[in-house]
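One-letter residues, chain by chain:
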Amino acid sequence: MKIVVGITGGSGAIYSVAFLQALKQAGVEAHVVMSTMGEQVLEHECGFTREDISAYAERVYDNRDLFAPIASGTFKMDGMIIVPCSMKTLAAVATGYSDGLLARSADVTLKEGRKLVIVPRETPLNQIHLDNMLKLSRMGVTIMPASPGFYNHPQTITDIVGSMVGKMLDAFNIEHSISSRWGE
Ligand SMILES: Cc1cc2nc3c(=O)[nH]c(=O)nc-3n(C[C@H](O)[C@H](O)[C@H](O)COP(=O)(O)O)c2cc1C
């Protein structure tokens, strides 16, 4: 299985790191593309560099590299997730403005009818943000706000992040035991 993982400059880079670690553990190939701000916020929030991320990825692409395989629908992959997704990249995907590899890869995922999961991060939301999410949802995109539940009584940040990562893995039908399920 191959998944494209887009990392943008929304807050919550920790979710992308935990998701990539879980993919590696599950034996799923991650093809990572980070926006410039994605890389900077990742370093600011987690102290992770591009080199650190490459330990969990099959490949890490430059966002300016529109010649990369993931820019084409001919590249066989099972879906894409954008985590965290800034409101800027959300707008780019909703309007088909593919100025970089990350937005182009999301555009390709949509045109090929493949699974696209977006983990938007902003609060509060304005009408532009909500309109963009509704538009994409109507196109079949899974809109999964980074909004962890507290009903399983998380004790640590790892537990809180894990509850979101479990949902992201579920969206791609990837088996995991990272988070507990209600009633089990
Ligand atoms: C520390 C930090 C946190 C940010 N958090 C958010 C956020 O949660 N949501 C958001 O939409 N933008 C956030 N931004 C602003 C985006 O990084 C900015 O809009 C950027 O242009 C997004 O570009 P990108 O989508 O290409 O990564 C943040 C910026 C910084 C410096």
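Residues numbered from 1 in each chain as written. Predicted model: local features only at pLDDT ≥ 70, side-chain atom pairs only at ≥ 80, totals over all residues. Heavy atoms only, no water.

(A) Layout of the packing of helix α1 (residues 13-26) against helix α2 (residues 36-46). Between α1 and α2, whose axes approach to 8 Å, the crossing angle comes to 90°. Judged on the interaxial angle alone, α2 and α1 are roughly perpendicular. Contacts between α1 and α2 involve Ala13, Ile14, Ser16 and Val17 from the first element and Val41, Leu42, Glu45 and Cys46 from the second. Partitioning the contact of α1 with α2 into residue classes produces six nonpolar, one polar and one charged. (Axes fitted to C-alpha atoms, helices over the stretch in contact; angles between N-to-C directions. Helix = DSSP H or I, 4+ residues; strand = E, 2+ residues; numbered from the N terminus. Parallel < 35°, antiparallel > 145°, perpendicular 65-115°, else oblique. Contact = heavy atoms within 4.5 Å. Nonpolar A, V, L, I, M, F, W, Y, C, P; charged D, E, K, R; others polar.)

(B) Broad picture of the packing of α1 against helix α7 (residues 157-171). Contact geometry for α1 and α7: axes closest at 9 Å, N-to-C directions at 60°. With respect to α7, the axis of α1 lies oblique. Once α1 is placed against α7, the crossing between them reads as right-handed. Between α1, through Ile14, Tyr15, Ala18, Phe19, Ala22 and Leu23, and α7, the contact on the second element is made entirely by Ile157, Val161, Met164, Val165, Met168 and Leu169. In terms of residue class, the contact of α1 with α7 is built from twelve nonpolar, no polar and no charged. (Left-handed = near helix turned anticlockwise from the far one by under 90°.)

(C) Main features of the site of the ligand. Around the ligand sit 14 residues in total, of which Gly9, Ser35, Ser86, Thr89 and Arg121 are the nearest. Serine 35 places a side-chain nitrogen or oxygen 2.6 Å from an oxygen atom of the ligand. Counting residues per element, the ones that place at least two in the shell around the ligand are α2 and α4 (87-95). Counted by class, the shell around the ligand contains three nonpolar, eight polar and three charged residues. (Near = heavy atom within 4 Å. Polar contact = N/O pair within 3.5 Å; in protein donor to acceptor, adjacent residues only side chain to side chain.)

(D) Region of interest: the sheet that holds strand β2 (residues 29-34). Taken in spatial order, the six strands of this open sheet run β3-β2-β1-β4-β5-β6, and their pairing is parallel. Edge positions in the open sheet fall to β3 (59-62) and β6 (142-143), since each of these has one partner strand only. When strand β4 (residues 79-85) meets strand β5 (residues 115-120), the two strands line up parallel, connected through five bridges. By the bridge assignment, isoleucine 82 is partnered in β5 with isoleucine 118. (Pairing = 2+ DSSP bridges.)

(E) Region of the structure containing the pattern of salt bridges. The tally for this structure, following the rule as stated, stands at six salt bridges. Taking the shortest distance from any N to any O, the salt bridge between aspartate 62 and arginine 64 comes out at 2.7 Å. (Salt bridge = Lys/Arg side-chain N within 4 Å of Asp/Glu carboxyl O.)

(F) Representation of the pairing of β5 in the model. Here β5 lies mainly inside the structure; five of its six residues are buried. Sheet analysis places β5 next to β6, joined by two bridges and oriented parallel. By the bridge assignment, isoleucine 118 is partnered in β6 with isoleucine 143. In this view, the connection linking β5 to its parallel neighbour β6 by way of helix α6 (residues 127-138) has right-handed handedness. (Buried < 20%, exposed > 50% of the residue type's maximum accessible area, 1.4 Å probe, protein only. Right-handed = clockwise from strand over helix to strand, strands pointing away.)

(G) Summary view of the packing of aromatic side chains. Here the structure, examined in full by the defined rule, presents two aromatic pairs. Measuring from ring centre to ring centre gives 6.5 Å for phenylalanine 19 and phenylalanine 172, while their planes differ by 45°; the resulting arrangement is tilted. Taken together, the residues phenylalanine 19 in helix α1 and phenylalanine 172 in the segment after α7 connect sequence positions 153 residues apart. The residues phenylalanine 19 and phenylalanine 172 share a single accessibility class, namely buried. When the ring of tyrosine 151 is compared with that of tryptophan 182, the centres are 5.7 Å apart and the planes differ by 85°; the resulting orientation is edge-to-face. Linking tyrosine 151 in the loop between β6 and α7 with tryptophan 182 in the segment after α7, this pair joins segments that are 31 residues apart in sequence. (Phe/Tyr/Trp six-rings, centres within 6.5 Å; stacked < 30°, edge-to-face > 60°.)

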